[in-house]
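Examination of the molecular architecture
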Amino acid sequence: MVEPIYNKVYDLAMEFYSDGQGRVDYRGLSRFVTTPRGTYVGNRVAPDAEHARWLASFLPAGLWQALRDELAARLSRMVGSDYRGPLGVDMMLCRPENDGGLCLHPCVEINLRRTMGQVAADLSRFLAPGAEALFAIDYCAEEGGLLADHERRLRDDPPRVAEGRWSGGYLALTPVRTDTHYRASLLTADLH
C-alpha cells in the first residue's frame, strides 16, 4: 500500500460494536498518543463527551455526528452480518501544506478487534468527575527496570482517590515484579 505522508497533528479513532446481525453501533471516540514515528504510547482516558468537545473545536458543527452516523451505516453494510464484536476506525487530524487549519483523515485503518481505545473508554468509568488520565503501555527489557520505576512512581506520585474513583497519580493496572517487562498503567499527564 502506498499513501502520502500526512502532516499528522493528532491521532484518534471512533469505536464501534457489530452485533453480527447487520447492525454496527457507535460506542465512543478515543484519542491516542504516538511517537513521532507512529508507535503507540497510550490513550487519553476521559468521558466520551469530553473527547467529543475536544474534536468539535477542530471540526465544523455537525460534521462529527454526520461522519459517525455515515461510518456506522457503511460498517453495517460492510461487516455487520459477517463480524460480531468490537471494532475501531483509526483517524487523524492533519495540517495541509500552506494552510493554517486542520483536516480530518476519516479512515487510516479499520481494526476488527478490541482496541486500546475501547479499553481506555472502559477505564473512564473509574475516573473521578473532572479527572483525565493517560492509559499507557510500556516496555523495559532490563530485569527489574519496571519494578524500580514502579516503586519510584508510587513514592513520587501515588494514586489519589476522590469519591471512590481515581483522580490522579500513578496506578499500575498490571502486576509489576522483578521479571515484569510490560506494564499497563494510568498516569496523570498533561493531556491538552
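Right above here is the structure, for reference.
Residues numbered from 1 in each chain as written. Predicted model: local features only at pLDDT ≥ 70, side-chain atom pairs only at ≥ 80, totals over all residues. Heavy atoms only, no water.

1. Thoughts on the packing of aromatic side chains
Summed over all chains, the structure comprises six aromatic pairs. Summarising the aromatic geometry, the rings of tyrosine 10 and phenylalanine 58 are spaced 5.3 Å apart at their centres and angled 45° between planes, so their arrangement reads as tilted. Of the two residues, tyrosine 10 sits in strand S1 (residues 8–19) while phenylalanine 58 sits in the loop between helix H1 (48–56) and helix H2 (63–79), which places them 48 residues apart along the sequence. A relative accessible area of 27% means that phenylalanine 58 is categorised as partly exposed. Between tryptophan 54 and phenylalanine 58, the ring centres sit 5.2 Å apart and the planes meet at 70°, which makes this aromatic pair edge-to-face. (Phe/Tyr/Trp six-rings, centres within 6.5 Å; stacked < 30°, edge-to-face > 60°. Helix = DSSP H or I, 4+ residues; strand = E, 2+ residues; numbered from the N terminus. Buried < 20%, exposed > 50% of the residue type's maximum accessible area, 1.4 Å probe, protein only.)

2. Focus: the environment of alanine 133
Note that alanine 133 resides in strand S6 (residues 133–139). Accessibility expressed as a relative area gives 0% for alanine 133, which makes it buried. Residues alanine 133 and leucine 186, spaced 53 residues apart in sequence, show a C-alpha to C-alpha distance of 6.1 Å.

3. Looking at the pattern of salt bridges
Here the structure, examined in full by the defined rule, presents 15 salt bridges. In this structure, the salt-bridge partner of lysine 8 is aspartate 11, at a minimum N-O distance of 3.0 Å. Its relative accessible area of 11% is what places aspartate 11 among the buried residues. Linking arginine 177 and aspartate 179 is a salt bridge whose minimum nitrogen-to-oxygen distance equals 3.6 Å. (Salt bridge = Lys/Arg side-chain N within 4 Å of Asp/Glu carboxyl O.)

4. Regarding the nonpolar core
Core analysis: the biggest nonpolar cluster contains 20 residues, and Met14, Phe16, Leu55 and Met91 have the highest contact counts within it. Elements with a minimum of two residues in this core: S1, strand S2 (24–34), H1, H2 and strand S4 (84–94). Element by element, the count of residues in this core is highest for H2, at six residues. Every residue in contact with methionine 91, bar those within four places of it in the chain, is listed here: Tyr10, Asp11, Leu12, Ala13, Met14, Leu67, Leu71, Leu104, His105, Pro106, Cys107 and Val108. Core analysis: the next-biggest nonpolar cluster, separate from the first, contains eleven residues, Val45, Ala120, Leu123 and Phe135 among them. (Core = buried A, V, L, I, M, F, W, Y, C linked by side-chain atoms within 4.5 Å. Contact = heavy atoms within 4.5 Å.)

5. Topic: the layout of surface pockets
Each pocket or cavity is described by its volume, and for the largest pocket that value is around 280 Å³. Along the walls of the largest pocket sit Lys8, Asp11, Phe32, Thr34, Pro36, Arg37, Gly38, Asp90, Met91, Met92, Val108 and Glu109, which together make up its complete lining. Take the lining of the largest pocket: its biggest share by element is three residues, from S4. Among the residues forming the lining of the largest pocket, the class breakdown is five nonpolar, two polar and five charged. Taken as a whole, the second largest pocket holds about 230 Å³ of empty space. Secondary-structure elements contributing two or more residues to the lining of the second largest pocket are S1, S2, strand S3 (40–45), strand S5 (103–111) and helix H3 (116–123). Counting residues per element, the lining of the second largest pocket draws most heavily on S2, at three residues. Residue composition of the lining of the second largest pocket, grouped by class: four nonpolar, seven polar and four charged. (1 Å grid on protein atoms, 1.4 Å probe; cavity = no way out; pocket = protein on both sides within 12 Å on 5 of 7 lines; lining within 4 Å. Points joined across faces, edges and corners; volume = space filled by probe spheres on them. Nonpolar A, V, L, I, M, F, W, Y, C, P; charged D, E, K, R; others polar.)

6. Section: the environment of arginine 37
Take arginine 37: it is sitting in the loop between S2 and S3. A C-alpha to C-alpha distance of 27 Å links arginine 37 and proline 86, two positions 49 residues apart in sequence.

7. Looking at the sheet that holds strand S10 (residues 182–187)
Ordered in space as S5-S4-S1-S2-S3-S6-S10-S9, the eight strands form an open sheet in which the pairing is antiparallel. With partners counted over all chains shown, the strands left at the sheet margins are S5 and strand S9 (171–172), one partner each. Along the sheet, H1 contacts S1, S2, S3 and S4; its crossing angle with S2, the most-contacted strand, is approximately 70°. (Pairing = 2+ DSSP bridges. Axes fitted to C-alpha atoms, helices over the stretch in contact; angles between N-to-C directions.)

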